[in-house]
Amino acid sequence: MSASTTATLRHDWSLAEVKALFVQPFNDLLFQAQTVHRAHFNANRVQVSTLLSIKTGACPEDCKYCPQSGHYNTGLEKEKLMEVQKVLEEAARAKAIGSTRFCMGAAWKHPSAKDMPYVLKMVEGVKALGLETCMTLGRLDQEQTEALARAGLDYYNHNLDTSPEFYGSIITTRTYSERLQTLAYVRESGMKICSGGILGMGESLDDRANLLIQLANLPEHPESVPINMLVKVAGTPLENADDVDPFDFIRMLAVARILMPQSHVRLSAGREAMNEQMQALAFFAGANSIFYGDKLLTTANPQADKDMQLFARLGIQPEAREEHADEVHQAAIEQALVEQKSSEQFYNAAV
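This is a predicted model, so every value here is computed, not measured.

Participant: When you look at the pairing of strand β7 (residues 224-229) in this model, what are you seeing that I'm missing?
Facilitator: On a regular strand, one side chain projects to one face of the sheet and the next to the other, so that they alternate. Among the six residues of β7, six are classified as buried, and the element is accordingly described as predominantly covered. Of the two faces of β7, the one carrying Ser224, Pro226 and Asn228 and the one carrying Val225, Ile227 and Met229 are both buried. One ladder, built from three bridges, connects strand β6 (residues 197-199) with β7; its direction is parallel. Note on β7: the bridge partner recorded for Leu199 is Met229. In this region the chain leaves β6, passes through helix α8 (residues 205-216) and returns to the parallel neighbour β7; the handedness of that crossover is right-handed. Taking the sense of rotation as the criterion, the β-α-β connection linking β7, helix α9 (residues 246-259) and strand β8 (residues 264-267) turns out right-handed.

Written out as structure tokens, the structure is:
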């Protein structure tokens, strides 16, 4: 199978085809992935996002990898929903250090009716700063999805995590079909999809292939595909899971690039444990998005200055995005801040 034949968009990948990509010689796979990548992207540009936890801990879900689950004792302190004003201040800082997208995550099974007004104000305020907006809030119903779209949310993150076959071994409090339904609502609303998975939870090669097949065979590919390497946290059921072979992780990125040629493939959680050489291989394999900053929700992430030093050594630059005129931004920012100062901005989301 040549690289040229996989540069077109497909939604009919079979398990046999995808496994054949995984098991081919490493150099052949990377050459194919890089060829596909260059057909659709500037190979020396990486999209940069910042992720902020707007509500931490006490999640009712039982995801075995997650330190925020209320089912496990990981020593993580519960936090209330952040003030809208503080979220906007963090977003402004993210923009100042070079991020083009600001992602906000809340440890919920789904947002409640009392949560939504605050969440929508966050979207509107971050959007006014000139940043792309992304949120991950758990399961959404159709009305909530449409409200987020009207507020200006660009991306909604809702990971499938793993294959349908292995999913029940990791999560029992939410079904795979519920995850797919949320993605369908997001797509119908006109928002973009951010959805990927995690390596290192004990899954097989078939599971890794079937996860990518689920994503690639959606009616439209997710615009963003985060590939996470398990961060093992003491107190979670997966704290003693086997390490992921670095070459296997790179293979996952490369196959994701081949299956979803126009998607941003994000080098996501677990990057703290990767040396510079592994990250460079990841970019060569087709990864072209990262989270930027000191933290990914509740786990460590390489510091921003280290990222920029690595980018400089590799000749990589952050991907830019079109923005409105500065004066339009400034007016929108000032209006958003005035509105937030005159409204109630803080409440206990755990109540």
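On we go from here.
Participant: Explain the nonpolar core to me, please; I cannot follow it from the model alone.
Facilitator: One recurring pattern in soluble globular proteins is that nonpolar side chains are buried together. Tyr65, Met135, Leu148, Phe249, Leu253 and Leu259 are the most contacted members of the largest nonpolar core, which totals 93 residues. Sort the elements by how many residues they give to this core and α9 lands first, with nine residues.

Participant: What should I look at first to understand the UniProt feature "binding site: [4Fe-4S] cluster" (unreviewed entry) in the protein in this one?
Facilitator: Taking the numbering used here, the UniProt-annotated feature "binding site: [4Fe-4S] cluster" (unreviewed entry) corresponds to Cys59, Cys63 and Cys66. Exposure remark for Cys63: the relative accessible area of 8% places this residue in the buried category.

Participant: I would appreciate a short explanation of the environment of Gln47 in the present structure.
Facilitator: On the secondary structure map, Gln47 appears in strand β1 (residues 45-55). Note on Gln47: relative accessible area 1%, which makes it buried. Spatially, the C-alpha atom of Gln47 lies 9.5 Å from that of Val265, the residues being 218 residues apart in sequence. Once residues lying within four places of it in the same chain are set aside, the contact partners of Gln47 are Thr100, Arg101, Glu132, His264, Arg266, Asn288, Ser289, Ile290 and Glu319. A distance of 2.9 Å separates the side chain of Gln47 from the side chain of Ser49, its partner in a polar contact. Engagement of the side chain of Gln47 in a polar contact is seen with the side chain of Thr100, the distance being 3.2 Å.

Cut-offs used in this document
- Residues numbered from 1 in each chain as written.
- Predicted model: local features only at pLDDT ≥ 70, side-chain atom pairs only at ≥ 80, totals over all residues.
- Heavy atoms only, no water.
- Buried < 20%, exposed > 50% of the residue type's maximum accessible area, 1.4 Å probe, protein only.
- Helix = DSSP H or I, 4+ residues; strand = E, 2+ residues; numbered from the N terminus.
- Pairing = 2+ DSSP bridges.
- Right-handed = clockwise from strand over helix to strand, strands pointing away.
- Core = buried A, V, L, I, M, F, W, Y, C linked by side-chain atoms within 4.5 Å.
- UniProt positions renumbered as here; feature names shortened; annotations may be inferred.
- Contact = heavy atoms within 4.5 Å.
- Polar contact = N/O pair within 3.5 Å; in protein donor to acceptor, adjacent residues only side chain to side chain.

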